[in-house]
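Residues per chain are reported as follows:
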Amino acid sequence: MRQSVNERNCAPGEPAPAHGCAMIAKNRTSTVSAKPPPGPAQSDATQDPDQFLEQMAQELTGWNDLAERLERALHNNELLLYAQPIESLRERGTYPIAETLVRLREEEAAMLPPGAFLPVFEHCGMMPELDRWVIQHVIQTLAKGTRVPRFSINISAQTLGDAGFSFALAKDLEAAGVSPDALVFVIDETDLLPRPDAAARFSAAVKAIACRLLFDGFGRRSVSFEPLKTLRFIAGA
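Residues numbered from 1 in each chain as written. Predicted model: local features only at pLDDT ≥ 70, side-chain atom pairs only at ≥ 80, totals over all residues. Heavy atoms only, no water.

Asker: For the overall build of the chain, give the residues involved together with the corresponding values.
Answerer: Looking only at helices and strands, the chain features nine helices and six strands. When contacts within the chain are restricted to residue pairs at least 6 apart in sequence, those whose partners lie at least 24 apart make up 68%. Per element, the accessible surface of the chain, about 12200 Å² overall, is 52% carbon and sulfur. (Helix = DSSP H or I, 4+ residues; strand = E, 2+ residues; numbered from the N terminus. Contact = heavy atoms within 4.5 Å. Areas by Shrake-Rupley, 256 points an atom, 1.4 Å probe, with all protein chains shown as cover.)

Asker: Can you lay out the pairing of strand β5 (residues 183–188) for me, pointing to particular residues and giving the numbers?
Answerer: Across the six residues that make up β5, a large majority, six, are buried. The pairing of strand β4 (residues 151–154) with β5 spans four bridges and is parallel. Paired with F151 across the bridge in β5 is L183. (Buried < 20%, exposed > 50% of the residue type's maximum accessible area, 1.4 Å probe, protein only. Pairing = 2+ DSSP bridges.)

Asker: Provide a residue-level description of the pattern of salt bridges, including the pertinent values.
Answerer: Scanning the model with the defined rule gives seven salt bridges in all. Where R72 meets E68, a salt bridge forms, and the shortest distance between an N and an O atom there is 3.6 Å. Within this pair, R72 and its partner E68 are both found in helix α2 (residues 66–75), separated by four residues, close to a single helical turn. Given the relative accessible area of 42%, E68 is considered partly exposed. Between R132 and D162 there is a salt bridge, with the nearest N and O atoms lying 3.0 Å from each other. Here the residue R132 occupies a position in helix α4 (residues 127–144), and D162 occupies one in the loop between α5 (157–160) and α6 (165–176), the gap between them amounting to 30 residues. Ionic contacts of the salt-bridge type, sharing partners, join the residues E68, R69, R72 and E78 into one network. (Salt bridge = Lys/Arg side-chain N within 4 Å of Asp/Glu carboxyl O.)

Asker: Before we move on, can you summarise α6 with the specific residues and values?
Answerer: Between its first and last C-alpha atoms α6 spans 17 Å; for twelve residues at 1.5 Å apiece the expected length is 16 Å, and the two agree. Turning to α6, its buried residues number three or more, namely F165, A168, L169 and L173. Take α6 and look down its axis: the buried residues cluster within an arc of 130°, on one side only. Every exposed residue of α6 that faces more than 90 degrees away from the buried side is listed here: F167, K171, E174 and A175. Along its buried surface, α6 packs onto α4, α5, β5 and α8 (196–209). Note on α6: the residue one or two positions beyond its end, G177, has a positive phi of about 70°. (Expected span 1.5 Å × (residues − 1). Arc of directions from axis to C-beta.)

Asker: Outline the packing of α6 against α8, listing residues and values.
Answerer: Contact geometry for α6 and α8: axes closest at 10 Å, N-to-C directions at 15°. Relative to α8, the element α6 lies roughly parallel. Like other packed secondary-structure pairs, α6 and α8 cross with a definite hand, here right-handed. Where α6 abuts α8, its residues F165, S166, L169, A170 and L173 lie against F202, A205, V206 and I209. (Axes fitted to C-alpha atoms, helices over the stretch in contact; angles between N-to-C directions. Parallel < 35°, antiparallel > 145°, perpendicular 65-115°, else oblique. Left-handed = near helix turned anticlockwise from the far one by under 90°.)

Structural data, given as structure tokens:
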């Protein structure tokens, strides 16, 4: 499966043009819970936290207090969502679902890509707050009306253990009058396999609301079949 040659990011709900802003299929999902990009030789798990924060502060100019900067970004809506519609293979020219992407506004109208700020959210333990922000704004977009009827949203490993997630999700959907079927939550294999119990609880809670689940990265390991026995995911990419 390959991405179409012409594609670009579009705001959620933006009609897909005849050329671009579309994928005929996806191989590896761009994600709101992306892992840190290649860089330091040490992984986040082994790198000293103080060294990590110092390094990120140097890379992200002006971010003296990383956690405070992220809180401000969420509170002031300094994040921006894009949608990448996915073209149907059965009915060409139709876009039954779009993948949700996120960027962060910086000074001088610059947009930071996910790899530049998601590792900081993850390191600060703030991925659940980011995931909720993304979901709330996707629900708002759906409530206003969009030609794309369904959006996929990547869920972080930290959110899998967020006990209050499903309650907040159900409340937001009901308040906006949006069908739960319009949301597809994507869990990556690398986040799922190390925490099957948390994933099982998350899966049960989300399916009770009637949202959908998708397992991304299926088949990279032989143990990928294990979660399917109990979680009943949609086939992933």
